[in-house]
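# Architecture and fold: a report
Okay, here's what each chain looks like letter by letter:
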Amino acid sequence: MTTKSDETAMKPVCLVTGVGPEGGTGAEIARRFAKEYDVAMLARNVANIEDLAGKYGAKAYSCDVGDLDALVETMDRIKTEIGPPKIVIHNALRSTRGPLLEQDPMDLERNFRVNTTALLYMAQHCIPGMLEAGGGAILVTGNTSATRGKANWGFFASTKAAQRILSESIAREFGPQGIHVAYFMIDAAINTPRTRPIMGADKPDEYFAEPHAIAEEMFRVAHQHRSTWSFMVDLRPFGEVW
């Protein structure tokens, strides 16, 4: 007789960082992948992800990915408790911005640690298991800050640009070994509980990218045929001027 724990053990594992409130991008990613994967959700707000875990049938792991020692410990726990991730999705971000002469240089370091160094740590920790299993995927949530520097955005954009280049380097090194790496350039305001009031409470729905649609596209790309892998995936609303 197959028990529920046996069924869970047979599912491949997906690790998702930056899982915020229900309806947000990270939560929608976790919800979508949890339909077919045993999802490990990482976030600082443990009460939130424990609530989502009950709704999605996922696992909650309290972790600030900017604390690199804690990130390694958490990944070790995930590997022991539910297995090595087949898919890693780095959705967590840290952003500080403002006039350059007024910024604390340490904030650049903190942004870099969350946006870029954490990605390196996850790649180094999880790729060996993917190689042993014969394949896997690393998906990174990015945005147009990764392609340009703008006034007051240097402390964020520079770390996202580094994140994009690191992702491409991983893709070029490990793609031929069966690891699919994709970078999602989201050129849009995202319709989340946090951003909608700030970025356009009075704007129509079509102005925004919908988190559930982003999650669906990430799921599709994670399962592309090996003969047609994407790396840079641009996502924007149909009416976006670009």
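The following paragraphs examine the structure supplied in this document. (Residues numbered from 1 in each chain as written. Predicted model: local features only at pLDDT ≥ 70, side-chain atom pairs only at ≥ 80, totals over all residues. Heavy atoms only, no water.)

Moving on, we come to the nonpolar core. If you look at the biggest cluster of nonpolar residues, it comprises 34 residues, and the most contacted ones within it are Phe33, Val39, Met41, Ile89 and Leu139. Apart from residues no more than four positions distant in its own chain, valine 39 is found in contact with Cys14, Val16, Ala30, Phe33, Ala34, Ala58 and Lys59. One finds Ile82, Leu119, Ile170 and Met185 within the second-largest nonpolar core, a separate group that totals 33 residues. (Core = buried A, V, L, I, M, F, W, Y, C linked by side-chain atoms within 4.5 Å. Buried < 20%, exposed > 50% of the residue type's maximum accessible area, 1.4 Å probe, protein only. Contact = heavy atoms within 4.5 Å.)

A word on the state of the cysteines. Put plainly, two cysteines are in a disulfide when a covalent bond ties their sulfur atoms together. Here the structure, examined in full by the defined rule, presents zero disulfides. Residue cysteine 63 stays outside any disulfide, its sulfur separated by 12 Å from that of cysteine 126, the closest cysteine. In this model cysteine 126 remains outside any disulfide bridge; the closest cysteine sulfur is found in cysteine 14, 10 Å from its own. (Disulfide = S-S within 2.5 Å.)

Attention now goes to the pattern of salt bridges. In this structure the tally under the stated criterion is 13 salt bridges. With a shortest N-O distance of 2.5 Å, glutamate 217 and arginine 220 are connected by a salt bridge. Separated by three residues within a single helix, glutamate 217 and arginine 220 lie in helix H8 (residues 211-222), roughly one turn from each other. One connected set of salt bridges, linked through shared partners, spans Arg94, Asp104, Asp107 and Arg110. (Salt bridge = Lys/Arg side-chain N within 4 Å of Asp/Glu carboxyl O. Helix = DSSP H or I, 4+ residues; strand = E, 2+ residues; numbered from the N terminus.)

Attention shifts here to the side chain of threonine 144. Mapped onto the fold, threonine 144 is located in the loop between strand S5 (136-143) and helix H6 (154-174). Side-chain polar atoms of threonine 144 contact the side chain of arginine 148, separated by 3.4 Å. In this structure threonine 144 touches Met185, Ile186 and Asp187, once residues within four positions along its chain are discounted. (Polar contact = N/O pair within 3.5 Å; in protein donor to acceptor, adjacent residues only side chain to side chain.)

Glancing now at unusual backbone geometry. We note that asparagine 152 has phi near 75°; this positive angle belongs to a residue other than glycine. Topologically, asparagine 152 is positioned in the loop between S5 and H6.

This part takes up the packing of helix H5 (residues 105-133) against H6. Geometry of a packed helix pair, given as the angle between the helix axes and the separation of the axes. Close contact between H5 and H6 brings their axes to 8 Å; oriented N to C, the two are set at 15°. Taken together, the axes of H5 and H6 are roughly parallel relative to one another. Crossing of H5 against H6: the hand is right-handed. On H6, the residues touching Pro105, Asp107, Leu108, Asn111, Phe112, Asn115, Thr116, Leu119, Leu120, Ala123, Ile127 and Leu131 of H5 are Phe155, Phe156, Ser158, Thr159, Lys160, Ala162, Gln163, Leu166, Ser167, Ile170 and Phe174. Of the residues assigned to the contact of H5 with H6, the class counts are 14 nonpolar, seven polar and two charged. (Axes fitted to C-alpha atoms, helices over the stretch in contact; angles between N-to-C directions. Parallel < 35°, antiparallel > 145°, perpendicular 65-115°, else oblique. Left-handed = near helix turned anticlockwise from the far one by under 90°. Nonpolar A, V, L, I, M, F, W, Y, C, P; charged D, E, K, R; others polar.)

To continue, consider a negative patch on the surface. Together, Asp64, Asp67, Asp69, Glu73 and Asp76 make up a negatively charged patch on the protein surface. One can find glutamate 73 in helix H4 (residues 68-81). (Patch = residues over 30% accessible without salt bridge, like charges linked within 9 Å, V, L, I, M, F, W, Y side chains within 5 Å. Areas by Shrake-Rupley, 256 points an atom, 1.4 Å probe, with all protein chains shown as cover. Lys, Arg positive; Asp, Glu negative; His and termini not counted. Charge placed at Lys NZ, Arg CZ, Asp CG, Glu CD.)

One can describe the packing of helix H2 (residues 25-33) onto H8 by two numbers: an axis separation of 8 Å at closest approach and a directional angle of 50°. If you check the angle between H2 and H8, you find them oblique. When the axes of H2 and H8 are compared, the crossing they make is right-handed. On the side of H2, the interface is formed by Thr25, Glu28, Ile29, Arg31, Arg32 and Phe33, while H8 contributes Pro211, His212, Ile214, Ala215, Glu216, Met218, Phe219 and Ala222.

Our focus in this paragraph is the layout of surface pockets. The space that makes up the largest pocket amounts to roughly 1,700 Å³. In terms of lining, the largest pocket is formed by 49 residues, of which the most central are Leu93, Ser95, Asn143, Phe156 and Thr195. For the lining of the largest pocket, the elements supplying multiple residues, two or more each, are H2, strand S2 (38-43), H5, S5, H6, strand S7 (189-190) and helix H7 (195-200). Among the residues making up the lining of the largest pocket, the classes are represented as 20 nonpolar, 17 polar and 12 charged. (1 Å grid on protein atoms, 1.4 Å probe; cavity = no way out; pocket = protein on both sides within 12 Å on 5 of 7 lines; lining within 4 Å. Points joined across faces, edges and corners; volume = space filled by probe spheres on them.)

Turning to the pairing of S2, a few remarks are in order. Of all six residues in S2, six are buried, a share of seventy percent or more. Burial along S2 is two-sided: the residues Asp38, Ala40 and Leu42 and Val39, Met41 and Ala43 are all buried. The pairing of strand S1 (residues 13-17) with S2 spans five bridges and is parallel. Bridging from a neighbouring strand, threonine 17 pairs with leucine 42 of S2. For the crossover from S1 across H2 to S2, the handedness is right-handed. In this sheet, strand S3 (residues 59-62) lies alongside S2 in parallel orientation, the contact comprising four bridges. Paired with alanine 40 across the two strands is lysine 59, which belongs to S3. Note on the crossover from S2 through helix H3 (residues 46-56) to S3: the handedness is right-handed. (Pairing = 2+ DSSP bridges. Right-handed = clockwise from strand over helix to strand, strands pointing away.)

Taken by themselves, the reported measurements are silent on function.
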